[in-house]
Each structure stands twice: as C-alpha cells, then as structure tokens.
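# Structural overview
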2 protein chains.
Amino acid sequence: MAVYVEEWTGSEQSIAEKAFHSAYEREITALTQEVKHRSHAIEQVEDIWRLHDFLSARRHQIDGKYDYNYEMLIFTFAGLLKDGWLSADDLEGLARDKLAKITSLSRM
Amino acid sequence: MAVYVEEWTGSEQSIAEKAFHSAYEREITALTQEVKHRSHAIEQVEDIWRLHDFLSARRHQIDGKYDYNYEMLIFTFAGLLKDGWLSADDLEGLARDKLAKITSLSRM
C-alpha cells in the first residue's frame, strides 16, 4: 500500500485535497438545498418519512464516498467526476496517467 | 384479551378513536413545524445529520406510540396526556374508572 501513497507527489496531493474538498462542498450545498426544498414542501406525514428515508440514503452514500485515502483516490475521483461533483478542471495538474485512469473509470 | 375489548362501549370507542386521531394530528403538525424550522436553519452539514438523527428518533417514537388497540389504550392515552397531545376534554365521556386510570398513569 505504501507504493500507492508515494505515487502522489506533494503538488498532486495539494490538488487532490482541494478537488476532494470542493466536490464535498458542492455535494453538501446541493444536499442542503434539496433538504430545504423537501421540507418546505411537506404537506402530510408521508412527506416527513420520505425526507427521513432520503436523508438515510444520502448519509450512507456520502459517508462511504468521502473517504480520503490515496489507495482509493483514483476510484473516488472517477465517481465524483461521473456524478458531476468534480470537473476535469479540478484535477488539472495531476499526472497524465492518473487523469487517464480517472477519466476512463468515470465512463464505466 | 377479549375482556378488555368488551370493556369499551360503542360510545367510548368513538370518543377514543377521535381522541387518538386528534393527538396524532397535533403531534404530526408539531413535528412538521419542527422539521421546517430545523431545515430552514441548516447552515452546515452537521445540521443536516442532526435533522436526520432527530427524524430517526421521532419516527421510532411515533411508530411505537400510535398503535391503536384497546388492550393498550389506557396506557397510550396516559402517555399522550402526559406529553400534552391530549387534554382531559378529549377524553370526556369515557367511563369514570378509565379516566381515573389514565389520569393516574399520566402522572407517573
């Protein structure tokens, strides 16, 4: 596992941390808006329980997704790119082989 | 158990159903307001997860509490009275011994 850690240069680590943080912030901002929207629209008890189910699912997804470790970062970034929380611009400066892997995985 | 069911007259059953329904409506209305208030006040991700925890707890409580069966109704009403979702007025018309039990239990 140490081999993977060493593959990320200091400069790449900075870019990765920033990109990771940006994706998280964007997803949480979108989630916040969605929660406010759903709450505002509550009319009956089923709407409350649907909001609860929605939060259970989103919390589980987000907890699982935003685990910052270099062994998994290629896969994490591929998923974030696929879901639109990251753009190619956020990853600019990473080594070409990493970008190729991320882009390729994001299309699967 | 059949003995307990027979203890509630038709008139008492009507009063009980109406009271039960009123308590549920009041509690859900208050819950709706609380959810809207908490959602409106979301500023950071921890607020979202706190809302989720709050909903998990309230859903569990409400699911457990609003089980309409005559064997448990004295205890159910005592709890609702204690928590303020029912008033003595809602139970007017029930037999005196039931009211005494409900009131007594609600003070425990």
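Relevant structure appears above.
Residues numbered from 1 in each chain as written. Chains lettered and ligands numbered in written order. Predicted model: local features only at pLDDT ≥ 70, side-chain atom pairs only at ≥ 80, totals over all residues. Heavy atoms only, no water.

### Comments concerning the overall build of chain A
- On a plain count of helices and strands, chain A comes out with five helices and zero strands.
- Counted from the first residue to the last, chain A has its helices and strands arranged as α-α-α-α-α.
- Its C-alpha radius of gyration of 17 Å places chain A more than 25% over the 13 Å reference for a compact globule of 108 residues.
- Within the span of chain A, comprising 108 residues, buried residues form 41% of the whole.
- A separation threshold of at least 6 residues defines the contact pool for chain A, and within that pool the share at least 24 residues apart is 69%. (Helix = DSSP H or I, 4+ residues; strand = E, 2+ residues; numbered from the N terminus. Rg over C-alpha atoms; globule rule 2.2 N^0.38 Å. Buried < 20%, exposed > 50% of the residue type's maximum accessible area, 1.4 Å probe, protein only. Contact = heavy atoms within 4.5 Å.)

### Examining the packing of aromatic side chains
Residue and element names in this part refer to chain B.
- What the rule picks out here adds up to ten aromatic pairs over all chains.
- Here Phe20 and Tyr68 contribute two aromatic rings whose centre-to-centre distance is 4.8 Å and whose plane-to-plane angle is 75°, an arrangement assigned as edge-to-face. One end of the pair, Phe20, is in helix 2 (residues 10–40); the other, Tyr68, is in the loop between helix 3 (45–65) and helix 4 (73–82), and 48 residues separate them in sequence.
- By relative accessible area, which is 26% here, Tyr68 ends up partly exposed. (Phe/Tyr/Trp six-rings, centres within 6.5 Å; stacked < 30°, edge-to-face > 60°.)

### Some details on the relation of the copies chain A and chain B
- Mapping chain A onto chain B calls for a rotation angle of 180° and an axial translation of 0.0 Å; the resulting RMSD is 0.0 Å. On this basis, the relationship between the two copies can be described by a two-fold rotation axis.
- Both copies contact each other with a shared surface, as 100% of the interface residues of chain A are interface residues in chain B too. (Least-squares fit on C-alpha atoms with pLDDT ≥ 70 in both.)

### Some words on the pattern of salt bridges
- Across all of its chains, the model carries 16 salt bridges over all chains by this definition.
- Arg50(A) is paired through a salt bridge with Asp47(A); the nearest N and O atoms lie 3.0 Å apart. Pair noted here: Arg50(A) and Asp47(A) are both in helix 3 (residues 45–65), with a separation of three residues, about one helical turn.
- Relative accessible area serves as the criterion here: at 47%, Arg50(A) is assigned to the partly exposed category.
- Of the charged contacts, one joins Arg58(B) and Glu27(B) as a salt bridge, the two residues approaching to 2.9 Å between their closest N and O atoms. Placement of Arg58(B) in helix 3 and of Glu27(B) in helix 2 is noted, with a sequence separation of 31 residues between them. Comparing Arg58(B) with Glu27(B), the two get one shared label, buried.
- Bridged by salt links that share partners, the residues Glu27(A), Arg58(A), Lys65(A) and Asp83(A) form one connected network. (Salt bridge = Lys/Arg side-chain N within 4 Å of Asp/Glu carboxyl O.)

### Concerning helix 3 of chain B
- Look at helix 3 of chain B: 30 Å from first C-alpha to last across 21 residues, which is about the 30 Å you get at 1.5 Å a residue.
- What helix 3 of chain B keeps buried is the set Val45(B), Asp47(B), Ile48(B), Trp49(B), Leu51(B), His52(B), Phe54(B), Leu55(B), Arg58(B), Arg59(B) and Ile62(B).
- On its buried face, helix 3 of chain B is in contact with helix 2 (10–40) and helix 3 of chain A together with helix 2 of chain B. (Expected span 1.5 Å × (residues − 1).)

### Regarding helix 4 (residues 73–82) of chain A
Residue and element names in this part refer to chain A.
- Burial within helix 4 is extensive, with seven of its ten residues counted as buried.
- Those residues of helix 4 that fall on the buried side of the exposure criterion are Leu73, Ile74, Thr76, Phe77, Ala78, Leu80 and Leu81.
- In this structure, the buried side of helix 4 is in contact with helix 2, helix 3 and helix 5 (96–106).
- Within two residues after helix 4, Gly84 carries a phi angle of roughly 85°, on the positive side.

### Here we look at the interface of chain A and chain B
- Each side of the interface is counted separately: chain A has 20 residues, and chain B has 20 residues.
- A combined buried area of about 1,900 Å² lies between chain A and chain B, and 68% of that area is made up of carbon and sulfur atoms.
- The largest share of the area that chain A buries against chain B comes from Trp49(A), His52(A) and Arg59(A), three residues that together contribute 35% of it.
- In this assembly, chain A and chain B are joined by two salt bridges. (Buried area = accessible area lost by both parts, 1.4 Å probe.)

### Here we look at the nonpolar core
- Membership of the largest hydrophobic core comes to 60 residues, with the highest contact counts inside it found for Val35(A), Phe77(A), Val35(B) and Phe77(B).
- At the level of elements, helix 2, helix 3 and helix 4 of chain A together with helix 2, helix 3 and helix 4 of chain B are the ones that each hand at least two residues to this core.
- Ignoring anything within four residues of it in the chain, the contact list for Phe77(B) reads Trp8(B), Ala16(B), Ala19(B), Phe20(B), Leu86(B), Leu91(B) and Ile102(B). (Core = buried A, V, L, I, M, F, W, Y, C linked by side-chain atoms within 4.5 Å.)

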